[in-house]
Each structure stands twice: as structure tokens, then as C-alpha cells.
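Take a look at the letters that make up each chain.
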Amino acid sequence: MEDYPKEGSEFTRSGIPVVSVEDLNSSKWREILDWYAYSGDPWEISVVEMAQTFQKELENLDGKNLELSGRMVLTCSVILRAKAEGLIDKEQPEEEDQLEEDFDSDYWGYEEFENEKYIPDLEIPLKRINKRTVTRDELSDAFTNAVDVYDRREERWSTEEEDGSRDWGLNFQGEENLQVKLQRLYRKVKEKVSRGKEVLFSRLLNEDTKEEKFRTFMELLHLQSEGKVICKQEEPFSEIEVELMEDSPQPGQREETERQDE
Amino acid sequence: MNNREKNDPGKGVSPKAIIEAALFLAGDPVAKDELLDLTGLPESQLDSVLADLKEDLSEEERGLKLFENDGLYSLKIKRELLERVKYLAPHRDMSKGVLRTLSVIAYNSPVLQKEIVEIRGNGAYDHIDKLIDRNFVKSEQEGRTKLLSVTGYFLDYFELNSLDELRKGEHAPERLSN
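Calculation criteria
Residues numbered from 1 in each chain as written. Chains lettered and ligands numbered in written order. Predicted model: local features only at pLDDT ≥ 70, side-chain atom pairs only at ≥ 80, totals over all residues. Heavy atoms only, no water. Helix = DSSP H or I, 4+ residues; strand = E, 2+ residues; numbered from the N terminus. Buried < 20%, exposed > 50% of the residue type's maximum accessible area, 1.4 Å probe, protein only. Contact = heavy atoms within 4.5 Å. Areas by Shrake-Rupley, 256 points an atom, 1.4 Å probe, with all protein chains shown as cover. Buried area = accessible area lost by both parts, 1.4 Å probe. Salt bridge = Lys/Arg side-chain N within 4 Å of Asp/Glu carboxyl O. Polar contact = N/O pair within 3.5 Å; in protein donor to acceptor, adjacent residues only side chain to side chain. Nonpolar A, V, L, I, M, F, W, Y, C, P; charged D, E, K, R; others polar. Pairing = 2+ DSSP bridges. pLDDT = per-residue confidence, 0-100. Patch = residues over 30% accessible without salt bridge, like charges linked within 9 Å, V, L, I, M, F, W, Y side chains within 5 Å. Lys, Arg positive; Asp, Glu negative; His and termini not counted. Charge placed at Lys NZ, Arg CZ, Asp CG, Glu CD. Expected span 1.5 Å × (residues − 1). Arc of directions from axis to C-beta. Axes fitted to C-alpha atoms, helices over the stretch in contact; angles between N-to-C directions. Parallel < 35°, antiparallel > 145°, perpendicular 65-115°, else oblique. Left-handed = near helix turned anticlockwise from the far one by under 90°. Core = buried A, V, L, I, M, F, W, Y, C linked by side-chain atoms within 4.5 Å.

Caption draft 1: Broad picture of the overall build of chain B. On a plain count of helices and strands, chain B comes out with ten helices and six strands. A burial count over chain B gives 42% of its 178 residues as buried. Of the contacts made within chain B by residues no fewer than 6 positions apart, 48% connect residues no fewer than 24 positions apart. Split by element, the accessible area of chain B, about 10,300 Å² in all, is 46% carbon and sulfur.

Caption draft 2: Main features of the interface of chain A and chain B. On the chain B side, the residues contacting the 25 residues of chain A number 40 residues. Here chain A meets chain B over a buried area of about 3,200 Å², counting both sides, of which 60% is carbon and sulfur. When the buried area of chain A at its contact with chain B is split by residue, A:Arg132, A:Arg136 and A:Phe143 rank highest and sum to 27% of it. There are two salt bridges connecting chain A and chain B. Among the salt bridges present, the one from A:Glu138 reaches B:Lys86, with a minimum N-O distance of 3.9 Å. Put simply, chain A and chain B have ten residue pairs in polar contact (both at pLDDT 80 or more) between them. Looking at the side of chain A that touches chain B residue by residue, the classes come out as ten nonpolar, six polar and nine charged.

Caption draft 3: Geometry of the pattern of salt bridges. All chains considered together, the criterion is met by 16 salt bridges over all chains. Where B:Glu83 meets B:Lys86, a salt bridge forms, and the shortest distance between an N and an O atom there is 3.3 Å. Salt bridges sharing common partners tie together A:Arg132, A:Glu138, B:Glu83, B:Lys86 and B:Arg92.

Caption draft 4: Region of the structure containing the environment of B:Pro29. Residues and elements named next belong to chain B. Position of Pro-29 relative to the elements: it lies in the loop between α2 (15-26) and β1 (30-31). Given the relative accessible area of 39%, Pro-29 is considered partly exposed. Each C-alpha atom of the pair Pro-29 and Leu-75 lies 8.0 Å from the other, and the pair is 46 residues apart in sequence. The residues touching Pro-29, leaving out its near neighbours within four places in the chain, are Leu-72, Tyr-73 and Ser-74.

Caption draft 5: Representation of the sheet that holds strand β4 (residues 111-112) of chain B in the model. Residues and elements named next belong to chain B. Taken together, the three strands give an open sheet; going across it, the order is β4-β6-β5, and neighbouring strands pair in antiparallel fashion. Two strands lie at the open edges of the sheet, namely β4 and β5 (137-142), each paired on one side alone. As defined by bridge partners, β5 adjoins strand β6 (residues 145-150) across six bridges and the pair is classed as antiparallel. Pairing of Lys-138 across the sheet is with Ser-149, part of β6.

Caption draft 6: Geometry of the confidence of the model for chain B. Model confidence for chain B is summarised by a mean pLDDT of 85, while 89% of its residues fall at 70 or above. The ipTM, which scores confidence in the relative placement of chains, is 0.75 for this predicted complex, and the corresponding pTM is 0.47.

Caption draft 7: A look at a negative patch on the surface. Residue and element names in this part refer to chain B. The grouping of Glu-55, Glu-59, Glu-60, Glu-61 and Glu-80 at the surface amounts to a negative patch. Mapping Glu-59 onto the fold places it in the loop between α4 (43-57) and β2 (64-69). Residue Glu-59 is classed as partly exposed on the basis of its relative accessible area, which comes to 40%.

Caption draft 8: Spatial organisation of the pairing of strand β3 (residues 241-244) of chain A. Residue and element names in this part refer to chain A. Bridging between strand β1 (residues 199-200) and β3 involves two bridges; their strand directions are antiparallel. Bridging across to β3, Leu-200 finds its partner in Glu-241. Pairing between strand β2 (residues 229-232) and β3: four bridges, direction antiparallel. Bridging from a neighbouring strand, Cys-231 pairs with Val-242 of β3.

Caption draft 9: Structural view of α2(B). Residue and element names in this part refer to chain B. With twelve residues, α2 extends 16 Å between its outermost C-alpha atoms, agreeing within 8% with the 16 Å of an ideal straight helix rising 1.5 Å per residue. Ile-18, Ile-19, Ala-22 and Leu-23 are the residues of α2 that are buried. Buried residues of α2, seen end-on, are gathered within an arc of 120° and therefore sit on one face of the element. Tucked inside the fold, the buried residues of α2 contact β1, α3 (32-39), α4, β2 and β3 (72-77). Where α2 begins, one side-chain oxygen reaches toward the backbone nitrogen of Lys-16, 3.1 Å away; that side chain belongs to Ser-14.

Caption draft 10: Seen up close, the packing of helix α6 (residues 96-108) of chain B against helix α7 (residues 113-120) of chain B. All names here are of chain B. Orientation of α6 relative to α7, taken along the N-to-C sense of each, is 130°, at an axis distance of 10 Å. Relative to α7, the element α6 lies oblique. Relative to α7, α6 is oriented so that their crossing is right-handed. Contact with α6, carried on its side by Gly-97, Arg-100, Thr-101, Val-104 and Ile-105, involves Ile-116, Ile-119 and Arg-120 of α7 and no other residues of that element. Looking at side-chain class alone, the contact of α6 with α7 contains four nonpolar, two polar and two charged residues.

Caption draft 11: Main features of the sheet that holds β1(A). Residue and element names in this part refer to chain A. An order of β1-β3-β2 is seen for the three strands of this open sheet, with the pairing classed as antiparallel. Sheet topology places β1 and β2 at the edges, where each strand pairs with a single neighbour. Here helix α8 (residues 178-193) sits on the sheet and contacts β1, β2 and β3; the angle it forms with β3, its principal contact strand, is near 90°. Each of β2 and β3 is contacted by helix α9 (residues 210-225), which is oriented at about 125° to β2, the strand it contacts most.

Caption draft 12: Structural detail: the nonpolar core. Among the nonpolar cores identified, the biggest contains 35 residues, and B:Leu102, B:Ile105, B:Phe136 and B:Phe154 are the most heavily contacted of them. At the level of elements, α7 (136-163) of chain A together with α6, α7, α8 (124-133), β6, α9 (152-157) and α10 (163-168) of chain B are the ones that each hand at least two residues to this core. At seven residues, α6(B) tops the list of elements feeding residues into this core. One finds B:Ile18, B:Leu35, B:Leu41 and B:Tyr73 within the second-largest nonpolar core, a separate group that totals 17 residues.

What follows is the structure in C-alpha cells.
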């Protein structure tokens, strides 16, 4: 719209013509709106100020012209939309160089970007550790559960003992002969010990399971009771060290000893 | 640099506000020394501020209360409100296993440690250590085992006047162990 703004128009402090009620009432109100959206710089228009001006005019009209008030709302929304689209354009520049330029100066407006690697000071909200107190009902329920677990365990053990199916870890029936297993472990201890003064219990395990630990430990106790090894533990729950007894056969005497064992 | 210098809120910030913020955020109990460090107050003044905060919170319209145990301070939900809001914080301040062990001790207190281990299994040793650390349970040597009993802190925590209130009250489980 070439003849807009017309002579005598009122201008904002930034030099943008103020949309008058007369403009919106004229037959060219759509063109005027287009001028604001595309020809004028929407960044320079204060939507708030414009809305306030419209609001004053509307108060004078006393709600008698709904079409005009609708145009006012539309004008504000078009300019707001134009501003929003301008923001999207600035956030997605086509050229990478343009992005850097915008990022460094105009877009953020931080001088720090020009001279140093400025990192905005972002505050992450602190999260509270939200563990709560236990209720009395939960304490009571916990007791009931604990007793239930105990009862079920007792019942299971009782049944297993009655039918002889309980695995105490000592039931070697159906497995290899205990002596064969002891000899195998004894050979292993001697092999490991031959490279040092003692061997750690964990190095005698074939696999890292509770069952394997238990069986190996039981076999070691058998070997200790037979006077072949000594198990030592410096502190409670520390690693068990296994040593050969001083008078136990040395690796070179292994085969003869094993034949005697057999 | 101490915590107060690191987090100096500036002049005009009420020590009571600092304490309230610290206890709210921490979740876990905060030591008195930490509060002295945070506020920069002498101990006598800190005691006065804590007493003031406790009084404020004791008002009926407040939902929290100030809880003190052996020089450790924390903010807790008032017991009468806990049932209503507990679903918002599903995590309790002790594990299921530890809670079960505590319950067996509480309903049988005083009780021999070996009896607790018989009921709860070998994991009970670890649970008992944790409960002693948190001052819920105390232990005395009794021959080759230990005699376990709940502490005054346990009663404070569950807001009980006595263990009878727990054993015979509305929260007593249907079945108590022998």
C-alpha cells in the first residue's frame, strides 16, 4: 500500500504510524494490516501499546461495533505473528556463517561472545532427596511379611528334611566320589602354591557362584582335617589364604601321594 | 572456604530461613555443626533459632515438624498427614529388608540377636548394623550373642509413647511372634 502512512498520521516513538480506529473502519483496513505485517518492521511495533490504544477506543464505542473490535484483535494478532515468524527466521539462518554472526553479537546481545568463550550461567533447579518417614502401618506390615517369610522357609525346610531332598551341600550321592574331588582340588592347590607361598581361595574356584564357593570350602576343610593344607584368614570376611602343610608332599612327589590316597 | 562463604545468601537473610531451606533440601538429617557453618551463628543463638523454628512448625496449620536426634536435625511430615500424602514420595528412608528386621526387633524387644538372625537369616547382621548406626536399635552383650532393643529415637520416630502402644494399638499385626 503505497499511500500509507498518509499525511497527518500519528507516529510512535520509533517512527511507526499508529493504527487508528479510522484506519480500521476504512475499506482499506486489510491493506493497512498487510503493510504492518510485511512492509513495516513488526519489531518496532509495541503490541501492548497498540492494544491499549484500541482498548481506549473500544471503551468509547461502548461495545456497539463488534466488527471493529474484531479487526482490532486481528491486527494485534497479525503483528504478534509477524514478530514470532521473525524470531523463527533468526533462529534458522540458511548460512552457517550467518548463524555464527547472529550468535556472536546481534542475536544474544552479549558482548562476551565477541571476545571469549562465554557460557551462559544456567541454574539447574536443585532436586530434593524425597525419602519419607516410615509409617506405623508399614512397620506392622513389614513384621507380618517377615513372619510370613520365616514361616514359608520353615515349612519348606521341614518338607525337604522329611523327604530327604534338602541340599545341605554335603550330599555327594550321585556325584563323583568325594576322594576324587578332594584329590583334584589338592592337585590344584599344589600347582598354584608351587608358584608362591600360598594361594588365594578365589583362585581355586571354577566359577564365581555361591554353590561353587561352598563346595570348594567344604573340600578345603576336608583337606585341612587330613593335614594337607592350612586355611588362614587374617580378618573376618577377608580372603582365605590356602597353604600347603610343611610335611605335605611337594609337587614332584605328587603322583606317588595320589596313588597312596587312592 | 566454608559452606557459609560458598553459599553466602547476603545480608538480611534470616538464619531461620537458611535452616529451613537446608533441612528441606537435604532430606537426610543435617548435623548441628553443619547448621552452625551454614548460618555463622554461635551455638547458643543457633539453639534459639532452632527452638523458634520448632515452635513455628508446631502450629496446627503447618505440615512439617522439626525432628532432632543426637545432634542431627531434619524436617519430617507430621505423622497425622503422612498417610494422606505418602504416595507422593514412594521411597522410604530405609530398605524393605532393614524395615522387616526392625519390625521383628521392635515387636519382640528386647530380643537376642541370634533369634533375629534365625528369623531373618544371615542378612540380618547387616541390617542390625545399619539400625544401630541410625540409632533405631541398641545392643548389649549377652553371653556369646547380643541383646537388641529399640531406642528412644525409635519411639520418637514413630511417635510412640511406649512399645506397648505399638504392640497393643491399632497398628499391631494380627500375629505376633513368640
